[in-house]
Amino acid sequence: MRQVLADQYAEFAAARAGHLYRSACLLTAGDTHLAEDLVQETLGRLYIAWHRVSRVDNPAGYAQTVLTRTFLAHQRRRSSTERATDAFPDRAAADQRDVPLRLTLLEALARLPVKDRAVVVLRYWEDRSIEETADALHASSAAVRTRCTRALGRLRELLGEDLGEYARF
C-alpha cells in the first residue's frame, strides 16, 4: 500500500512541479531561487500528508493552496526581505519578443504588497474564483474583492492605463 501511495505521489509531483514553479515565480515576482525553495517545501509538505491529500477532490488545487500559504508564511519571516541580488540572470529566452513584457510585469508585481500579489496570482494566473481565493488565503470574499480592486488599480498606475501595449505580443 505504501508503494502505491509513493508511486501516486511521484506521478503527481512530476506532473504539477512545473505549474507550481511558474506560480511561485509570479508570487515571488521573479525570484527564481525563492520560487524553487517554495516548490520544494510545498512538495515536501504534500509528501508528508499524501495519504490524506490523495483522497481530496482536487489535489492540484490543494497543492496551489499549500504553495500560497507557504509563500505568505515566508513573507512574514523577518529574513524574507534579504536578497543576494536584484538582477536577473543572463540567459537566452525561447521567445525574445516577450522578455520586456515579462520583466515589466514582474517588476510591477514586485511592487504590490505581498497579499495583493497573492490575490492577483490566484485570481488571474490560477483562474480561481473569489471564494476559492478567499479560502486559500483565510480571508473573506469581501477582502479578496477589495484586494483585487486595489491591486489592479496599482498595476494600472505602474503599467499605465493602456495595458493593450503589453498584450500585443
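Residues numbered from 1 in each chain as written. Predicted model: local features only at pLDDT ≥ 70, side-chain atom pairs only at ≥ 80, totals over all residues. Heavy atoms only, no water.

Colleague: Which parts of the structure should I look at to understand the side chain of Thr133?
Modeller: Its location among the elements puts Thr133 in helix 7 (residues 130-137). Side-chain polar atoms of Thr133 contact the backbone oxygen of Ser129, separated by 2.9 Å. Apart from the residues within four sequence positions on either side, Thr133 is in contact with Val119, Leu122, Arg123, Arg128 and Val144. (Helix = DSSP H or I, 4+ residues; strand = E, 2+ residues; numbered from the N terminus. Polar contact = N/O pair within 3.5 Å; in protein donor to acceptor, adjacent residues only side chain to side chain. Contact = heavy atoms within 4.5 Å.)

Colleague: Help me out: how do you make sense of the pattern of salt bridges in this one?
Modeller: Opposite charge on two side chains makes pairing possible when the charged atoms of those side chains draw close. Under the criterion given, the structure shown has 4 salt bridges. Linking Arg45 and Glu41 is a salt bridge whose minimum nitrogen-to-oxygen distance equals 2.6 Å. A residue pair is termed a helical-turn pair when its members lie 3 or 4 positions apart in one helix, as Arg45 and Glu41 do in helix 2 (residues 32-48) at 4 residues. Classification of Arg45 by relative accessible area gives partly exposed; the value is 40%. Where Arg154 meets Glu157, a salt bridge forms, and the shortest distance between an N and an O atom there is 3.1 Å. Separated by 3 residues within a single helix, Arg154 and Glu157 lie in helix 8 (residues 141-159), roughly one turn from each other. (Salt bridge = Lys/Arg side-chain N within 4 Å of Asp/Glu carboxyl O. Buried < 20%, exposed > 50% of the residue type's maximum accessible area, 1.4 Å probe, protein only.)

Colleague: In this structure, what is going on with the environment of Ser141? I would like to understand it.
Modeller: Considering the arrangement of structural elements, one finds Ser141 in helix 8. When the C-alpha positions of Ser141 and Glu131 are compared, they lie 5.8 Å apart, and in sequence the two are 10 residues distant. Once you skip the residues sitting within four places of it in the chain, Ser141 turns out to touch Ile130, Glu131 and Ala134.

Colleague: Looking at this structure, how should I read the packing of helix 4 (residues 59-76) against helix 6 (residues 114-125)?
Modeller: Each packed pair of helices is defined by two parameters, the angle between the axes and the distance between the axes. Where helix 4 meets helix 6, the closest approach of the two axes is 11 Å, and the angle between their N-to-C directions is 165 degrees. By the angle class used here, helix 4 and helix 6 are roughly antiparallel. Like other packed secondary-structure pairs, helix 4 and helix 6 cross with a definite hand, here right-handed. Within the contact between the two elements, helix 4 uses Thr68, Phe71, Leu72 and Gln75 and helix 6 uses Val114, Lys115, Arg117, Ala118 and Leu122. Residue composition of the contact of helix 4 with helix 6, grouped by class: 5 nonpolar, 2 polar and 2 charged. (Axes fitted to C-alpha atoms, helices over the stretch in contact; angles between N-to-C directions. Parallel < 35°, antiparallel > 145°, perpendicular 65-115°, else oblique. Left-handed = near helix turned anticlockwise from the far one by under 90°. Nonpolar A, V, L, I, M, F, W, Y, C, P; charged D, E, K, R; others polar.)

Colleague: Honestly, helix 6 in this entry has me stumped. Any pointers?
Modeller: In an α-helix, one full turn covers 3.6 residues, which means residues spaced three or four apart are oriented alike. Between its first and last C-alpha atoms helix 6 spans 15 Å; for 12 residues at 1.5 Å apiece the expected length is 16 Å, and the two agree. Those residues of helix 6 that sit buried are Asp116, Arg117, Ala118, Val119, Val120, Val121, Leu122 and Arg123. Summarising the contacts, the buried residues of helix 6 are in contact with helix 1 (2-27), helix 4, helix 5 (99-110), helix 7 and helix 8. Of the residues trailing helix 6, Asp127 is marked for its positive phi of about 55 degrees. (Expected span 1.5 Å × (residues − 1).)

Colleague: Which parts of the structure should I look at to understand unusual backbone geometry?
Modeller: Working note: non-glycine residues mostly have negative phi, and peptide bonds are mostly trans. For Ala29, which is not glycine, the phi torsion reads 60 degrees and is therefore positive. Along the chain, the position of Ala29 falls in the loop between helix 1 and helix 2. The phi angle at Asp127 is positive, at roughly 55 degrees, despite the residue not being glycine. Tracing the backbone through its elements, the reader meets Asp127 in the loop between helix 6 and helix 7.

Colleague: Which parts of the structure should I look at to understand helix 8?
Modeller: A rise of 1.5 Å per residue sets the reference length of helix 8, with its 19 residues, at 27 Å; its end C-alpha atoms lie 26 Å apart and thus fit the reference within 8%. Listed in full, the buried residues belonging to helix 8 are Val144, Cys148, Ala151, Leu155 and Leu159. An end-on view of helix 8 places all buried positions within 80 degrees of arc, on one side of the element. In helix 8, the exposed positions that point more than 90 degrees away from the buried face belong to Thr149 and Glu157. Gly160 sits one or two residues past helix 8 and shows a positive phi near 95 degrees. (Arc of directions from axis to C-beta.)

Just geometry here; none of it tells us what the structure is for.
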